[in-house]
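Residue-level structural notes
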Amino acid sequence: MLLDVWNSAAGGLVAIIAALALVGVGSSLLLLREHFRIERRATRLEDEIETLQDRLWTLSESEALHRSLVEAQLDVIVRRDGEGRITFANSGYAALVGRPRNALIGARTTPHVVETGQTRLREDGARLVDEAIDDGEGVRWFAWIETPVQGRAGAPEILRAGREITERVVTERALANERSRAQAANEAKSRFLATVSHEFRTPLNGILGMTDLLLDTPLDLEQQTYLRAVKTSGGALLSLIDEILDFSKIEAGKLDLSCDPFDARALIEGVVELLAPRAQGKGVEIACFVDSRAPRLIVGDPDRLRQVLVNLAGNAVKFTETGGVGIEADYEEGALTVQVTDTGPGIPPDRLASIFEEFEQGDGGPASKAGGAGLGLAISRRIVERMGGTIAVDSAPGAGARFSIRLPLPADEAEGRPETAALAPDLAGRRYLVLARSPFEGPYVQRKLAEAGAQAVLVADAADALAKISTAADAERPFSGLIVDCALGDDVARDIAAAAREAGVERRIVLLSPFERRDLGSPSAAGFDAYLVKPLRARSLFERLTEIAPPPRAEATPRMTAPRRKVGAKAKRVLLAEDNEINALLAIKALERLGAVVDWAKDGHEAFSLAEASFSGLRPDYDIVLMDIRMPGLDGLEATRRVRRLEATLGRPQPRRIIALTANAQKEDEQAALSAGLDGFLAKPFDIKDLTGLLMDGERGEAVARAS
Ligand code: ADP
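Values in this document were obtained by computation on a predicted structure and should not be read as measured data.

Turning next to the overall build of the protein chain. In terms of helices and strands, the protein chain carries 18 helices and 23 strands. Burial status across the protein chain gives 42% buried among its 708 residues. In the protein chain, 62% of the contacts between residues at least 6 apart in sequence involve partners at least 24 apart. A total accessible area of about 38400 Å² is found for the protein chain, and carbon and sulfur atoms account for 56% of it.

It is worth spelling out the packing of aromatic side chains at this point. For the coordinates displayed, the defined rule picks out four aromatic pairs. Between the aromatic rings of phenylalanine 142 and tryptophan 144, the centroid separation amounts to 5.8 Å while the plane-to-plane angle is 25°, which identifies the pairing as stacked. In this structure, phenylalanine 142 and tryptophan 144 share a single accessibility class: buried. An aromatic cluster of at least three residues, connected via ring pairs, comprises Phe289, Phe440 and Tyr444. A cation over an aromatic ring shows up here: lysine 602 above the ring of tryptophan 600, its NZ or CZ 4.8 Å from the ring centre.

A cis geometry characterises the amide bond from lysine 534 onward to proline 535, with omega recorded as -5°. As for its placement among the helices and strands, proline 535 is situated in the loop between β18 (530-533) and α13 (538-546). With phi around 50°, glutamate 333 is a residue other than glycine that occupies positive phi space. Mapping glutamate 333 onto the fold places it in the loop between β10 (324-332) and β11 (335-342). By relative accessible area, glutamate 333 is classed as exposed at 76%.

A few words now on the pattern of salt bridges. With the rule as written, the count across this model stands at 36 salt bridges. The closest approach of N and O atoms between glutamate 157 and arginine 79, which form a salt bridge, is 2.9 Å. You can see glutamate 157 sitting in strand β6 (residues 156-164) and its partner arginine 79 sitting in strand β1 (residues 76-80), a full 78 residues away along the chain. Note on glutamate 157: relative accessible area 9%, which makes it buried. For the salt bridge of arginine 160 with glutamate 146, the shortest nitrogen-to-oxygen distance reads 2.6 Å. Here the residue arginine 160 occupies a position in strand β6, and glutamate 146 occupies one in strand β5 (residues 139-150), the gap between them amounting to 14 residues.

Relative to the assigned elements, alanine 401 resides in strand β13 (residues 401-408). The exposure class of alanine 401 is buried, given its relative accessible area of 6%. The spacing of alanine 401 and aspartate 342 is 59 residues in sequence and 5.5 Å in space, taken between C-alpha atoms.

What follows is about the sheet that holds strand β16 (residues 481-485). The strand order β15-β14-β16-β17-β18 describes an open sheet built from five strands, whose pairing is parallel. At either margin of the open sheet sits one strand with a lone partner, and together these are β15 (455-459) and β18. On average, each strand axis in the sheet is tilted by 20° relative to the strand beside it, whichever way the strands run. Helix-sheet contacts for helix α10 (residues 462-474) involve β14 (431-435) and β15, and the interaxial angle to β14 is about 160°. Strands β14, β16 and β17 (507-512) of the sheet are contacted by helix α11 (residues 490-502), whose axis makes an angle of about 175° with β16.

At a minimum axis separation of 9 Å, helix α3 (residues 166-215) and helix α14 (residues 581-593) run at an interaxial angle of 30°. By the angle between their axes, α3 is roughly parallel relative to α14. In this structure, α3 crosses over α14, and the sense of that crossing is left-handed. Side by side, α3 and α14 meet where Thr202, Asn205, Gly206, Gly209, Met210 and Leu213 of the first sit next to Ile582, Asn583, Leu585, Leu586, Lys589, Ala590 and Arg593 of the second. Considering only residue class, the contact of α3 with α14 consists of six nonpolar, five polar and two charged.

Ile268, Ile327 and Ile405 are the most contacted members of the largest nonpolar core, which totals 51 residues. Of the residues forming this core, the biggest block, eight residues, is contributed by helix α5 (residues 264-281). With near-sequence residues (within four places) excluded, isoleucine 327 lies in contact with Ile268, Val271, Val272, Ala287, Cys288, Phe289, Ala313, Val338, Gln339, Val340 and Tyr444. Membership of the second largest hydrophobic core comes to 26 residues, among which are Leu482, Leu488, Ala503 and Leu520.

Time to look at the pairing of β15. Summarising the sheet, β14 and β15 pair through five bridges and their orientation is parallel. Paired with leucine 435 across the bridge in β15 is valine 459. With helix α9 (residues 441-451) bridging β14 and the parallel β15, this β-α-β connection has right-handed handedness.

Turning to the environment of isoleucine 165, a few remarks are in order. Tracing the chain through its elements places isoleucine 165 in the loop between β6 and α3. Along the sequence, isoleucine 165 and alanine 143 sit 22 residues apart, while their C-alpha atoms lie 6.4 Å from each other. The contact partners of isoleucine 165, leaving out residues within four places of it in the chain, are Asp130, Trp141, Phe142 and Ala143.

Once that is clear, we can look at the packing of α9 against α13. Contact geometry for α9 and α13: axes closest at 11 Å, N-to-C directions at 65°. Handedness of the crossing formed by α9 with α13: right-handed. Side by side, α9 and α13 meet where Val445, Lys448 and Leu449 of the first sit next to Ala538, Leu541, Phe542 and Leu545 of the second. Looking at the contact of α9 with α13 residue by residue, the class counts come to six nonpolar, no polar and one charged.

Before going further, it helps to examine the sheet that holds strand β22 (residues 657-662). Strand pairing in a sheet relies on backbone hydrogen bonds, with the paired strands running either antiparallel or parallel. Pairing is parallel across the open sheet formed by five strands, whose spatial order is β20-β19-β21-β22-β23. Edge positions in the sheet fall to β20 (597-601) and β23 (680-683), since each of these pairs with one other strand and no more. Sheet twist, expressed as the average angle between the axes of neighbouring strands with direction ignored, equals 25°. Both β22 and β23 contribute to a ladder of four bridges, which runs parallel. Bridging from a neighbouring strand, isoleucine 659 pairs with glycine 680 of β23.

Cut-offs applied
- Residues numbered from 1 in each chain as written.
- Predicted model: local features only at pLDDT ≥ 70, side-chain atom pairs only at ≥ 80, totals over all residues.
- Heavy atoms only, no water.
- Helix = DSSP H or I, 4+ residues; strand = E, 2+ residues; numbered from the N terminus.
- Buried < 20%, exposed > 50% of the residue type's maximum accessible area, 1.4 Å probe, protein only.
- Contact = heavy atoms within 4.5 Å.
- Areas by Shrake-Rupley, 256 points an atom, 1.4 Å probe, with all protein chains shown as cover.
- Phe/Tyr/Trp six-rings, centres within 6.5 Å; stacked < 30°, edge-to-face > 60°.
- Lys NZ or Arg CZ within 6 Å of the ring centre and 35° of its normal.
- Salt bridge = Lys/Arg side-chain N within 4 Å of Asp/Glu carboxyl O.
- Pairing = 2+ DSSP bridges.
- Axes fitted to C-alpha atoms, helices over the stretch in contact; angles between N-to-C directions.
- Parallel < 35°, antiparallel > 145°, perpendicular 65-115°, else oblique.
- Left-handed = near helix turned anticlockwise from the far one by under 90°.
- Nonpolar A, V, L, I, M, F, W, Y, C, P; charged D, E, K, R; others polar.
- Core = buried A, V, L, I, M, F, W, Y, C linked by side-chain atoms within 4.5 Å.
- Right-handed = clockwise from strand over helix to strand, strands pointing away.

Here is the structure:
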């Protein structure tokens, strides 16, 4: 029984234990599950923390990197709020203002600016400013950039970042200093040269003028020879002075170019005419050809272009002993090209490279028989380059020389389409025979005729010409015209003219230099019905060819500056203001010789009182006043201004002609003289011819002769 009880009790216990155990296991399982859940969450959190830490680390690393980059690139950075309080400053800024970095936040500290340089606003709104800052140890320059940025909480702030530029500024300033010192030295040099050249010109004026006067007195042949040599040497010295002055101006960067429309053809033909007496005098021809497709007017500096061409063609004439000099001009793609070719001795290859350098000359140096200082080509090159063009030379010993320039000069389009220089009439269907042996004029005439549509046969030999004339006559197709260069000889010209007349050639023209004209005598007696003076102008050639009836006296207004009429019976009264006694004596003698009555004033004051006296009727009136510009006391410009003011006050209807006399023949001087009220300009040393022209020109404002 007991066993039963035990058994049943034990059974119960087991059951209870079992039950309890079951409960325990169950709750343990729950706990276990919870434990694992918590553990999983913790791991996740840890992972997250790690990721976050990673991110933080990356972030801080990138910020550090960023900051180090910023610090490396920019020396100083500061950020301020709208009230100017610092919200951020880097160590560079702290060092600049001399305060610890953390003390700066919230402060309004600014660096000590001692100078502000350039300031400008960039398109994106950023302001750029250069400042010199004294940081206590010295002055340093900073280039700042200021930009508006968004601060914390969106408030607007200004970010200012600067980089030190002390080294650059110091170098720049040293350079500018150096430059202005060099410029000042250059200016002093050209002022010195201008003064010196003036001082040279004044006595030279005396020498040349007195020589002129002396040459007009009875002299034997030997004396005349010596005096001419004095005059030639004086002239050479004068052009040398001009060259040196010109060169120094170019060196000092003072070559100002004008920008005017000009007729290139007229300019080139003018240069050829200017040099023709010199060339023809030594039996050398000079001619030009300007392509008719060139615009009538181009824009540039005609005076400087003329100077270059006179130099190139002048050299060509100077060095050429047989043959000739030809100038050819063409215009293409907005550029004028001019070639000056000669049949002279040419230039050795080893000299070609340096020929445009200053003081470069052929053998013989300054005393060589050709004369010159070796400055002409150097000046020409500088002028051409200043005009944006190029100059070149091509030559071989014994084969002549060819200088070419190319200048980008626009056509004048002021009146719409640029007009071309075409002046050739329509000569289509006509045939001309040209007989010329010259290296340039013959081919140029042929080209001019071809431009007009005519057919031109060029022959260099008389027998050839005669054969051509008779063949044409036999074929009943006589030439419309014959053009003969008289350089082939008078007899040849006469024979050909006779044959041509016989063969029914309507127009027979002879080309003559003034020397040949003298030898040939009357062109009509020689069998020609017209003549043309060499060098030929294209227009004259075409006019001669298209004239209906042969003119009674053919062509060529002599291009001489001979007096148009004798000085009138009534003597001209001249007031001469000149401080230099020799120059005054010279001018007085020359004027008196022309029949003028001269009053001499030694300075501007005297000149003004004489003018005043003449206005008030105390002295006879003056027809003309010659006013030296540089005089002690009252100079010529001021004296003129006073005379003009007096005239205005008195309301004189006919103001005096006042002509400046000056040795400073520069453009600026001319301008100053004109604006002071002077009517014209006479550069010293002047020629008696210039004075003659002056006394003849009745009307005020007429162009005044210029000595050169
Ligand atoms: P210069 O005033 O001496 O003529 P340039 O500078 O004009 O000075 O010329 C320099 C030198 O170049 C001359 O001395 C001469 O030897 C040479 N030269 C210039 N043009 C010619 C030419 N057309 N033919 C031969 N030689 C020339």
